[in-house]
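Residue-level structure breakdown
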Amino acid sequence: MRVKICGITNIDDALAAIEAGADALGFVFAESPRKVSAATVCEALSKLPPFITTVGVFANQDADEITEIMARTHLHFAQVHGSTRIPFGGRSIRALRVKSADDIRRAANDESVTSSSAVLLDTHVEGLMGGTGRTFDWDLAVEARSLGKPIILAGGLTLDNVAEAVRRVRPYAVDVSTGVEASPGKKDHSKIKEFIHNAKSST
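Residues numbered from 1 in each chain as written. Predicted model: local features only at pLDDT ≥ 70, side-chain atom pairs only at ≥ 80, totals over all residues. Heavy atoms only, no water.

1. Remarks on the overall build of the chain
When helices and strands are counted, the chain shows 8 helices and 10 strands. What you see for the chain is a C-alpha radius of gyration of 15 Å, in line with the 17 Å of a compact globule of 203 residues. Taking the principal axes of its C-alpha atoms as reference, the chain extends roughly 40 × 40 × 30 Å. Taking the contacts inside the chain whose residues are at least 6 apart along the sequence as the reference set, 57% of them involve residues at least 24 apart. Of the accessible surface of the chain, which amounts to about 9200 Å², a share of 49% is contributed by carbon and sulfur atoms. Here the chain carries 24 positive and 25 negative side-chain charges, and the mean point of each set is 3 Å from the other. (Helix = DSSP H or I, 4+ residues; strand = E, 2+ residues; numbered from the N terminus. Rg over C-alpha atoms; globule rule 2.2 N^0.38 Å. Contact = heavy atoms within 4.5 Å. Areas by Shrake-Rupley, 256 points an atom, 1.4 Å probe, with all protein chains shown as cover. Lys, Arg positive; Asp, Glu negative; His and termini not counted. Charge placed at Lys NZ, Arg CZ, Asp CG, Glu CD.)

2. With respect to the nonpolar core
Residues Ile5, Leu25 and Phe195 are the most contacted members of the largest nonpolar core, which totals 55 residues. With sequence-adjacent residues up to four places away left out, Leu25 is seen in contact with Lys4, Ile5, Ile8, Ala14, Ala17, Ile18, Leu48, Ile52, Thr53, Thr54 and Val55. Ranked by size, the runner-up nonpolar core spans 8 residues in total, among them Ala95, Ala118, Ile152 and Ala154. (Core = buried A, V, L, I, M, F, W, Y, C linked by side-chain atoms within 4.5 Å. Buried < 20%, exposed > 50% of the residue type's maximum accessible area, 1.4 Å probe, protein only.)

3. Focus: the packing of helix α7 (residues 162–169) against helix α8 (residues 189–201)
Taken N-terminus to C-terminus, the directions of α7 and α8 make an angle of 25 degrees; their axes are 8 Å apart at the nearest point. The orientation of α7 relative to α8 falls into the category roughly parallel. For the crossing formed where α7 meets α8, the hand is right-handed. Seen from α7, the contacting residues are Val162, Ala163 and Val166; seen from α8, they are Phe195, Asn198 and Ala199. Along the lines of polarity and charge, the residues of the contact of α7 with α8 split into 5 nonpolar, 1 polar and no charged. (Axes fitted to C-alpha atoms, helices over the stretch in contact; angles between N-to-C directions. Parallel < 35°, antiparallel > 145°, perpendicular 65-115°, else oblique. Left-handed = near helix turned anticlockwise from the far one by under 90°. Nonpolar A, V, L, I, M, F, W, Y, C, P; charged D, E, K, R; others polar.)

4. Some remarks on the packing of aromatic side chains
For the structure shown, the criterion picks out 1 aromatic pair. Taking the centre distance of 5.3 Å and the plane angle of 10 degrees together, the rings of Phe29 and Phe58 count as stacked. Here Phe29, found in the loop between β2 (24–28) and α2 (38–45), pairs with Phe58, found in strand β3 (residues 53–59); they are 29 residues apart in sequence, far enough to count as distant. (Phe/Tyr/Trp six-rings, centres within 6.5 Å; stacked < 30°, edge-to-face > 60°.)

5. Overview of a negative patch on the surface
A contiguous patch of negative charge, built from Asp62, Asp64, Glu65 and Glu68, is present on the exposed surface. In this fold, Glu68 is placed in helix α3 (residues 63–73). Exposure remark for Glu68: the relative accessible area of 44% places this residue in the partly exposed category. (Patch = residues over 30% accessible without salt bridge, like charges linked within 9 Å, V, L, I, M, F, W, Y side chains within 5 Å. Salt bridge = Lys/Arg side-chain N within 4 Å of Asp/Glu carboxyl O.)

6. Things to note about the pairing of β3
For β3, the tally of buried residues reaches 6 of 7 residues, placing the bulk of the element in the interior. The pairing of β2 with β3 spans 5 bridges and is parallel. Each residue of the ladder has a partner; that of Leu25, found in β3, is Thr54. Of the pairings in the sheet, the one linking β3 to strand β4 (residues 77–81) comprises 5 bridges and is parallel in character. Bridge pairing in β4 links Phe58 to Val80. (Pairing = 2+ DSSP bridges.)

As far as function goes, none of this settles anything; it's purely spatial.
So this is what it looks like as structure tokens:
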């Protein structure tokens, strides 16, 4: 089981996540309490050990802006929420807000999904692109396997429910942000450690 710790805003949290066994780190460039600059990310990346996957998170942003940030930071993947279409192909993770089975059916014909390397499933909350801290019906996540893409499960995961989520959905990876925070943008290192332990020991 792979774990992505998202909403990283500082090097201390990044290193704590890696020490705890995180496989990937997410840096948010969309409007959010966890938003970071390209300069901050470049500085953090220069201090990370090798073999850690890094992800830029974007929502309804101009494709040129995303392309420029990705080129400047050398992040491995662009995770895209909302309507933006970008020419990253296999270097993109398509985020879907899930409310019903209709969302999964529509995604099957969405070029941004079919051309992506993975699909991240998050909870549909009106007006929010992610970081909602709320779960959705995990049976829909199981149904999303029909998309033929690795499934990254997000949305309201915590150290208390992640083991059950992994057992029920069997995703490629899980993604957490608010569930391991001490406050918006600042991680609780003990929660990170326990979350990762619970996720990986449940397989």
